[in-house]
Amino acid sequence: MNLEQVLQARLQQRRDQSLYRQRITTAGPQQTVLRSQGRDYLCFTSNDYLGLANHPQLIAAMQSAAQTYGVGSGASHLVCGHSEAHAELELALAKHTGRSRAVLFSSGYMANVGVLGALLDKTDGVFEDRLNHASLLDGGLLSGARLQRYRHNDAEDLQQRLRKSKARHKLVATDSVFSMDGDIAPLSQLAQVCQAENAWLMLDDAHGLGVLGPQGAGAAVAVGLNEEQAPIYMGTLGKALGCYGAFVAGSDTLVEAMVQFARSYIYTTAIPPAVAAASLAALNLLHTEAWRQAHLQQLISLFRGYAQAMDLPLMDSPTAIQPLMIGDANRALQVSQALQDMGILVTAIRPPTVPANSARLRITLTAGHSQTQVEQLLEALGKLQQQGLLSP
Ligand SMILES: *Cc1c(COP(=O)(O)O)cnc(C)c1O
């Protein structure tokens, strides 16, 4: 078979399984009302949790930095792509997350792959929550270490696996907030287990930074885990901070090791300095517009209160990620399409992003939403429920 035939067969199989992905093309900025192909949609599916992606202060910071630095960074950090804007952002990120130092990566995916590759090799063991983000799993596989996946949020299962392992070094990696479930890992318990079993704890706080803890300092600060207890902290700039990129924070030694050994740090172009400047503006807004975190929490309570009263298939999540469990991939797609017809965007998340038969509607709330908009979503969900589309 030639390439076209092989690919066409695979694509057809995806369609047959209701797993085919399609992109919508948007016009204009990320905000709660998104324009696509001439129609406005109320968006409940972005990761712009604080509504900063289109904030005037971020735009101004980016414009001003573009005047100063131009657009492209020109090279990787180790060649000549590391600007004062990058350096300033690294200092601010370390301070904000209560760590000694931070180092920027070009994306969260690359940070996870880079950290695990830099710290582990085939004589080591990496222990990951079953529901970890794909980038952590891929990073674990690529590192060559023996990868074990422990039961979701199960510190006991983790401890037994650590005890049995004969690996030279053991690293435990977990999402702090699970990207498709919205629940929070038992971080203190995991840290205790790691301490007892002499394992290194890595937190992926892509969905916690900016949202959890005082001024959005993130999941580690929120539960009081210091640099010794949670030595490897990863955060991203593309979600609550409304920008693009990522970083790893920890001890001076950890950061130096990333700079020396993380291949996805070394062999890629630095993010544009103007993006770093915009991220710094976003960090400042976490302090100066703290009402955003508070408003988001209010919307989460409002949504959960109504959804519980309506008996919607809510999941056990205290965060901005409020998925409704559907199960069947085809039905999840149907519900998502029906919402879209009503002018509301919510993505149907299907395997392999989530386990088989656990397709869901991944609803996300942001500080940009109004109470009225959340009520509109609930009203639309009520209609679909009456049509029997949401019953288990
Ligand atoms: C989004 C996400 C990433 C990847 O971050 P990018 O900057 O988008 O590459 C990593 N981990 C988790 C848990 C995520 O949700």
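As a reminder, the structure under discussion sits directly above these lines.
Within any chain, residue numbers begin from 1 and follow the written order of that chain's sequence. Residue-level local features of this predicted model are given only where pLDDT is at least 70; pairs of side-chain atoms are given and counted only at 80 or more, and the full residue set underlies all totals for whole chains, interfaces and linings. To get the side-chain values, all heavy atoms of the structure are used, and hydrogens and water are removed first.

Participant: Just give me the short version of the state of the cysteines, but keep the residues and values in it.
Facilitator: Note on disulfides: each one is a pair of cysteine sulfur atoms within 2.5 Å. In this structure the tally under the stated criterion is 0 disulfides. The thiol sulfur of Cys43 is not disulfide-bonded, and the nearest other cysteine sulfur, from Cys243, lies at 17 Å. Each residue gets one of three labels from its accessible area relative to the maximum for its type: buried under 20%, exposed over 50%, partly exposed in between, using a 1.4 Å probe on protein chains only. The exposure class of Cys43 is buried, given its relative accessible area of 5%.

Participant: Mind laying out the site of the ligand, listing which residues take part and the relevant values?
Facilitator: Residues are counted as near a molecule or strand when any one of their heavy atoms sits within 4 Å of it. Close to the ligand lie 13 residues; Gly108, Tyr109, Asp204, His207 and Lys239 are nearest. Side-chain polar atom of His207 to an oxygen atom of the ligand: 2.5 Å apart, as the coordinates give it. For the accessible areas, the method is Shrake-Rupley and the probe is 1.4 Å, while residue cover comes only from the protein chains on display. In isolation the ligand offers 380 Å² of accessible surface; the protein chains occlude 83% of this area. Grid points spaced at 1 Å and placed over the protein atoms alone form the basis of the search, with a cavity being a set where a 1.4 Å probe fits but cannot get out and a pocket an open set showing protein on both sides within 12 Å along at least five of seven lines. Lining residues have an atom within 4 Å of a point. Any molecule with more than half of its atoms within 2 Å of a cavity's or pocket's grid points is counted as sitting in it. Structurally, the ligand is housed in the largest pocket. Definition of a polar contact: a pair of N or O atoms within 3.5 Å, with one able to donate and the other able to accept a hydrogen when the atoms are protein atoms, and with sequence-neighbouring residues admitted only if both atoms are side-chain atoms.

Participant: Residues and numbers for helix α8 (residues 187–197), please.
Facilitator: Helix and strand assignments come from DSSP, with helices taken as H or I runs of at least 4 residues and strands as E runs of at least 2, each series counted from the N terminus. Inspection of α8 places Leu187, Leu190, Ala191, Val193, Cys194 and Glu197 among the buried residues, and these make up the whole buried set. An end-on view of α8 places all buried positions within 160° of arc, on one side of the element. α8 presents Gln192, Gln195 and Ala196 as exposed residues on the side facing more than 90 degrees away from its buried surface. Contacts: residue pairs with any heavy atoms within 4.5 Å of one another. Considering only its buried residues, α8 is in contact with β5 (146–150), α7 (155–164), β6 (170–175), β7 (200–204) and α9 (219–222). What the arc describes is the spread of directions from the helix axis to the C-beta atoms.

Participant: I'd like a description of the pattern of salt bridges, backed by residues and values.
Facilitator: Between Lys or Arg on one side and Asp or Glu on the other, a salt bridge is scored when a side-chain nitrogen of the former is within 4 Å of a carboxyl oxygen of the latter. Counted by the stated rule, this structure contains 10 salt bridges. The salt bridge partner of Asp121 is Arg168, with a shortest N-O separation of 3.3 Å. On the criterion of sequence distance, the pair formed by Asp121 in the loop between α5 (108–119) and β4 (125–129) and Arg168 in the loop between α7 and β6 is long-range, its members being 47 residues apart. You can call Asp121 partly exposed: its relative accessible area is 33%. With a shortest N-O distance of 3.0 Å, Arg168 and Asp124 are connected by a salt bridge. Of this pair, Arg168 sits in the loop between α7 and β6 while Asp124 sits in the loop between α5 and β4, and the two are 44 residues apart along the sequence. Residue Asp124 is classed as buried on the basis of its relative accessible area of 1%. Within this structure, Arg101, Asp252 and Glu256 form a network of salt bridges that share partners.

Participant: So what's going on with the environment of Asp204? Which residues, and what values?
Facilitator: Tracing the backbone shows Asp204 in strand β7. Take Asp204: its relative accessible area is 3%, and that puts it in the buried class. A C-alpha to C-alpha distance of 8.7 Å links Asp204 and His133, two positions 71 residues apart in sequence. Once residues lying within four places of it in the same chain are set aside, the contact partners of Asp204 are Asn112, His133, Ser135, Leu136, Thr174, Asp175, Ser176, Val177 and Met234. Within the structure, Asp204 has its side chain in polar contact with the side chain of Asn112 (distance 3.0 Å). At 3.0 Å, the side chain of Asp204 and the backbone nitrogen of Ala206 are in polar contact.

Participant: Before we move on, could you go through the sheet that holds strand β11 (residues 344–345) and cite the residues and values that matter?
Facilitator: Paired strands are those between which DSSP finds at least two bridges. Across the sheet, which stays open at both edges, the 3 strands sit in the order β1-β2-β11 with mixed pairing between neighbours. The open sheet terminates on both sides in strands that have one partner only, identified here as β1 (33–36) and β11. Pairing of β1 with strand β2 (residues 39–43), which is carried by 4 bridges, proceeds in the antiparallel orientation. For Val33, the partnering residue across the bridge sits in β2 and is Leu42.

Participant: Tell me about the sheet that holds strand β8 (residues 232–236), and name the residues and values.
Facilitator: Spatially, the 7 strands line up as an open sheet ordered β3-β9-β8-β7-β6-β4-β5, and their pairing is mixed. The open sheet is flanked by β3 (101–105) and β5, the only strands paired with a single partner. Averaged over all neighbouring strand pairs, the angle between strand axes comes to 20°, with direction disregarded. Where β6 meets β7, 5 bridges bridge the pair, whose relative direction is parallel. Counterpart to Thr174 in the pairing with β7 is Leu203. Here α7 sits on the sheet in contact with β4, β5 and β6, set at roughly 155° to β5. Under this scheme, a helix contributes an axis fitted over its contacting stretch, all axes are lines through C-alpha atoms, and angles between N-to-C directions fall in the 0 to 180 degree range.

Participant: Could you give me a rundown of helix α15 (residues 371–386), with the residues and numbers involved?
Facilitator: Helices are assigned an expected span. That span is 1.5 Å times one less than the residue count. The end-to-end C-alpha separation of α15 is 23 Å, in line with the 22 Å expected for 16 residues at 1.5 Å each. Here α15 has its buried residues at Gln373, Val374, Leu377, Leu378, Ala380, Leu381, Gly382 and Leu384.

Participant: Which residues make up the pairing of β7, and what are the values?
Facilitator: In terms of burial, β7 is largely enclosed, as 4 of its 5 residues are buried. In this fold, the crossover linking β6 to β7 by way of α8 has right-handed handedness. For β7 and β8, the ladder comprises 3 bridges, and the chain directions are parallel. Looking at β8, one finds that Leu203 is bridged to Tyr233. Viewed with both strands pointing away, a crossover whose connecting path from the first strand over the helix to the second turns clockwise is right-handed.

Participant: Go over the pairing of β6 with me, naming the residues and quoting the values.
Facilitator: It is a general feature of regular strands that their side chains alternate between the two faces of the sheet. Of all 6 residues that make up β6, 6 are buried, and the element is covered over most of its length. Every second residue of β6 is oriented toward a common face, with Lys170, Val172 and Thr174 on one face and Leu171, Ala173 and Asp175 on the other, all of them buried. In this structure, β4 lies alongside β6, joined through 4 bridges in parallel fashion. Directly across from Glu128, in β6, lies its bridge partner Ala173.

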